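Listed below are the residues making up each chain.
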Amino acid sequence: MPKVSEMDRGLDNGAEAVVIGGMVLDVNATPSTATNRGTTAPGKIRYALGGVARNIAECMSKLGAKPYMISAVGFDLAGNMLLEPWRAAGLSVEGIKRSKDIETATVCIIFDGRGELAAAVASVESIEKFVTPEWITNFKINICSAPIMMVDANLSPPALLASCQIAAECGTPIWFEPVSVTKSKRVASIAKLITYTSPNEDELIAMANALSSGDKFLPVQKDGKSARTSIKSLFERLKPAIWVLLEEGIKVVLVTLGPDGVFLCFEAVDSVKKHNPYKNSPFSFSRKLYEAVNVSCPPNRILGTPKSKGNYYVAVHFPALPASVVTLVGAGDCLVGGTLASVCVGLDIMQSVAVGMAAAKGAVETESTVPVEYQLARIADDAGAIYSEAKVIYCESKL
């Protein structure tokens, strides 16, 4: 099993992160009054570019990365809407399969009055049908030269396995995004190949059960009428499921907690070290991001824990900053996108998660799934505030 201290290899100059998964057109409906069954309600309907992998890639590009997308869209209106801004941003479309037989993935989403998802219908079969192992294999060179590869669980199990096997053979770190409770269970065949994963609480439980061959773990109960359980108590409830993922071979587990922030969990082997900085970034925004975050988030503040030798399980809690919430859609994807973009420019995982959370804050404060643009100074300031409040909440020898 690769050590955490070894998992971030040197990054090749000019290499592009590879992102594999869904490109989806979202049709978002937000009622302006209470809805009643059997009749329409006034409100707003808007089209939005979506898909977990696409959202993550767009966020990365807004932070200066140049992700290489592997997906599939049709020649229909939805496909054209998805590709037009991609080309305008100067991003490669070579990995995006197009065919008259492809019906572009589409999701219809209905929100409640608080901006949270109330109901949704997804037609995304084309991702599983057309993003095949054979299509992915065409881009083996891209995967092998990438600083990291992100796959979302919209891919079919064979496509997930094929992409992860290619990356593992090349030594390219793999980030698995679970997408949903149901699809998160697809982790079972690839867990030993994964470097990073980013489930929410429910996806974490589903993944742990899939890896344990049963329903051993139960979801954390939430009582909407009472205050949320303490962070320490919440971690203790989730810890057994987190440990299953780590023991199955996943190197880093990032559990997203909504307004409670995230848990960053990993096994430390003779302490955790950051990878070498990406010294010659060809993208100016990326270089500025690296420099600004290194000032607001001084490296190695926690990554030296523990000091003594041996194998340790470590968990760090990152709190979320207060935000003026417009919509929660896209927050999780921007958290991953911000973290990935930061890893790609040479920031350590602690700094990268802080940037990811700052990117997520920007997402919830705008109507767009991904903000139109990110202000470097604000990202650095928000990341610094989050980073300064991050605390080790667990650090014990591996039994």
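Note that residues are indexed from 1 along each chain, following the sequence as it is written. Restriction of local features to residues with pLDDT of at least 70 applies here, the model being predicted, together with a cutoff of 80 or more for giving and counting side-chain atom pairs; totals for whole chains, interfaces and linings are based on all residues. Think of the side-chain values as coming from all heavy atoms in the structure, minus any hydrogens and water.

Strand pairing is assigned whenever DSSP detects at least two bridges linking the two strands. Every helix listed is a DSSP run of H or I at least four residues long, and every strand listed is a run of E at least two residues long, numbered separately from the N terminus. An order of S3-S2-S6-S7 is seen for the 4 strands of this open sheet, with the pairing classed as mixed. Strand pairing shows two members of the sheet lacking a second neighbour, strand S3 (43-50) and strand S7 (117-123), which therefore form its edges. Adjacent strand axes in the sheet meet at a mean angle of 15 degrees when their direction is disregarded. Pairing between strand S2 (residues 24-31) and S3: 8 bridges, direction antiparallel. Its bridge partner being in S3, Asn 28 is matched across the sheet by Arg 46. The contact criterion used is simple: two residues touch if any of their non-hydrogen atoms lie within 4.5 Å. For every element, the axis is a line fit to its C-alpha atoms; helices are fit only across the contacting stretch, and the angle between N-to-C directions ranges from 0 to 180 degrees. Running at roughly 65 degrees to S3, helix H2 (residues 77-88) makes contact with S2, S3 and strand S6 (106-111) of the sheet.

The next thing to look at is helix H11 (residues 331-344). At 3.6 residues per turn, the α-helix brings residues three or four places apart onto the same side. To estimate the expected span of a helix, count its residues, drop one, and scale the result by 1.5 Å. Over its 14 residues, H11 extends 20 Å from the first C-alpha to the last, a length consistent with the 20 Å expected when each residue adds 1.5 Å. Count one or two residues on from H11 and you reach Gly 346, which has phi positive near 100 degrees.

Our focus in this paragraph is the nonpolar core. Ranked by internal contacts, the top residues of the largest apolar core, which has 63 residues, are Met 60, Leu 264 and Phe 318. Not counting chain neighbours up to four residues away, the residues in contact with Met 60 comprise Ala 17, Val 19, Ala 65, Pro 67, Gly 337, Leu 340, Ala 341 and Cys 344. The set of buried Ala, Val, Leu, Ile, Met, Phe, Trp, Tyr and Cys residues whose side-chain atoms join them within 4.5 Å is what this entry labels a nonpolar core. For every residue, the accessible area (1.4 Å probe, protein chains only) is compared with the maximum for its type, and the residue is labelled buried under 20%, exposed over 50%, or partly exposed between those bounds. Counting residues in each nonpolar core, the second largest holds 61 residues, with Ile 136, Phe 139, Ala 146 and Ala 315 among its members.

A carboxyl oxygen of Asp or Glu within 4 Å of a side-chain nitrogen of Lys or Arg is what we treat as a salt bridge. Across all of its chains, the model carries 11 salt bridges by this definition. Where Lys 192 meets Glu 248, a salt bridge forms, and the shortest distance between an N and an O atom there is 3.8 Å. Of this pair, Lys 192 sits in the loop between helix H7 (181-184) and strand S10 (196-197) while Glu 248 sits in the loop between helix H9 (231-247) and strand S11 (252-256), and the two are 56 residues apart along the sequence. Note on Lys 192: relative accessible area 60%, which makes it exposed. The salt bridge involving Lys 361 is made with Glu 365; its shortest N-O contact spans 3.4 Å. Residue class for Lys 361 comes out buried when judged on its relative accessible area of 11%.

For the rest of this paragraph, the subject is the packing of helix H12 (residues 349-364) against helix H13 (residues 376-389). One can describe the packing of H12 onto H13 by two numbers: an axis separation of 8 Å at closest approach and a directional angle of 120 degrees. If you check the angle between H12 and H13, you find them oblique. In terms of crossing hand, the pair formed by H12 and H13 is right-handed. In this structure, H12 uses Met 350, Gln 351, Ala 354, Val 355, Met 357, Ala 358, Ala 359 and Lys 361 to contact H13, whose residues at the interface are Arg 378, Ile 379, Asp 382, Ala 383, Ile 386 and Tyr 387. All residues other than Ala, Val, Leu, Ile, Met, Phe, Trp, Tyr, Cys, Pro, Asp, Glu, Lys and Arg, Gly among them, are scored as polar; the first ten of these are nonpolar and the last four charged. Each residue belonging to the contact of H12 with H13 can be placed in one class, and the counts come to 10 nonpolar, 1 polar and 3 charged. These descriptions rest on fixed angle ranges, namely under 35 degrees for roughly parallel, over 145 for roughly antiparallel, 65 to 115 for roughly perpendicular, and the rest for oblique. The sense of a crossing depends on the near helix, which, turned anticlockwise from the far helix by less than a right angle, makes the crossing left-handed and, turned clockwise, makes it right-handed.

Moving on, we come to the pairing of strand S5 (residues 96-99). Here strand S4 (residues 68-74) runs beside S5; their pairing, made up of 4 bridges, is parallel. Its bridge partner lying in S5, Val 73 is registered against Arg 98. Crossover handedness is defined here as right-handed if the route from the first strand over the helix to the second strand goes clockwise, with the strands pointing away from the viewer. Taking the sense of rotation as the criterion, the β-α-β connection linking S4, H2 and S5 turns out right-handed.

When the centres of two rings from Phe, Tyr and Trp lie within 6.5 Å, Trp using its six-membered ring, the rings pair. Their planes under 30 degrees apart give stacked, over 60 give edge-to-face, and anything left gives tilted. Overall, the coordinates contain 8 aromatic pairs when judged by the stated rule. Taking the centre distance of 5.2 Å and the plane angle of 70 degrees together, the rings of Trp 135 and Phe 139 count as edge-to-face. Among the residues examined, Trp 135 registers a relative accessible area of 17% and is labelled buried. Each ring, one from Phe 235 and one from Trp 243, has its centre 6.0 Å from the other, and the planes form 70 degrees; the classification is edge-to-face. Judged by its relative accessible area of 0%, Phe 235 is buried. Classification of Trp 243 by relative accessible area gives buried; the value is 11%. Members of the aromatic cluster, each reached through a chain of ring pairs, are Phe 235, Trp 243, Phe 263, Tyr 313 and Tyr 394.

So, about the state of the cysteines. The bond known as a disulfide is covalent and runs between the sulfur atoms of two cysteines. Disulfides are defined in this document as cysteine sulfur pairs within 2.5 Å. Inspection of the entire model under this criterion finds 1 disulfide. Disulfide pairing places Cys 144 opposite Cys 170 at an S-S distance of 1.8 Å. Linking Cys 144 in helix H5 (residues 140-145) with Cys 170 in helix H6 (residues 157-170), this pair joins segments that are 26 residues apart in sequence. Overall, the relative accessible area of 25% leaves Cys 170 in the partly exposed class.

It is worth spelling out the packing of H11 against H12 at this point. Between H11 and H12, the least distance of the axes is 7 Å, while the angle of their chain directions is 145 degrees. Between H11 and H12 lies a crossing whose hand is right-handed. Here Ala 331, Cys 334, Leu 335, Gly 338, Thr 339, Ser 342 and Val 343 of H11 come into contact with H12, specifically with Ile 349, Ser 352, Val 353, Val 355, Gly 356, Met 357, Ala 359, Ala 360, Ala 363 and Val 364. Across the contact of H11 with H12, the residue classes break down as 12 nonpolar, 5 polar and no charged.

What follows is about unusual backbone geometry. Backbone geometry at Val 179 places phi at a positive 75 degrees, although glycine is not the residue there. Along the chain, Val 179 falls in the loop between strand S9 (174-177) and H7. Looking at Val 179, the relative accessible area reads 23%, which means it is partly exposed.

We now examine the environment of Ser 213. Within the element layout of this structure, Ser 213 appears in the loop between helix H8 (201-212) and H9. For the pair Ser 213 and Ala 188, spaced 25 residues apart in sequence, the C-alpha separation works out to 9.3 Å.

This brings us to H8. Spanning 12 residues, H8 covers 17 Å between terminal C-alpha atoms, matching the ideal 16 Å at 1.5 Å per step. Where burial is concerned, most of H8 is hidden: 9 out of the 12 residues are buried. Taken together, the buried positions of H8 are Glu 201, Glu 203, Leu 204, Ile 205, Ala 206, Met 207, Ala 208, Asn 209 and Leu 211. Those residues of H8 that are buried lie in contact with S9, H7, S10, H9 and S11. At the N-terminal boundary of H8, the capping side chain belongs to Asn 200, with an oxygen 3.1 Å from the backbone nitrogen of Asp 202. Polar contacts, as used here, are pairs of N or O atoms within 3.5 Å; protein pairs need one atom able to donate a hydrogen and one able to accept it. Residues neighboring in sequence count only if both atoms are side-chain atoms.

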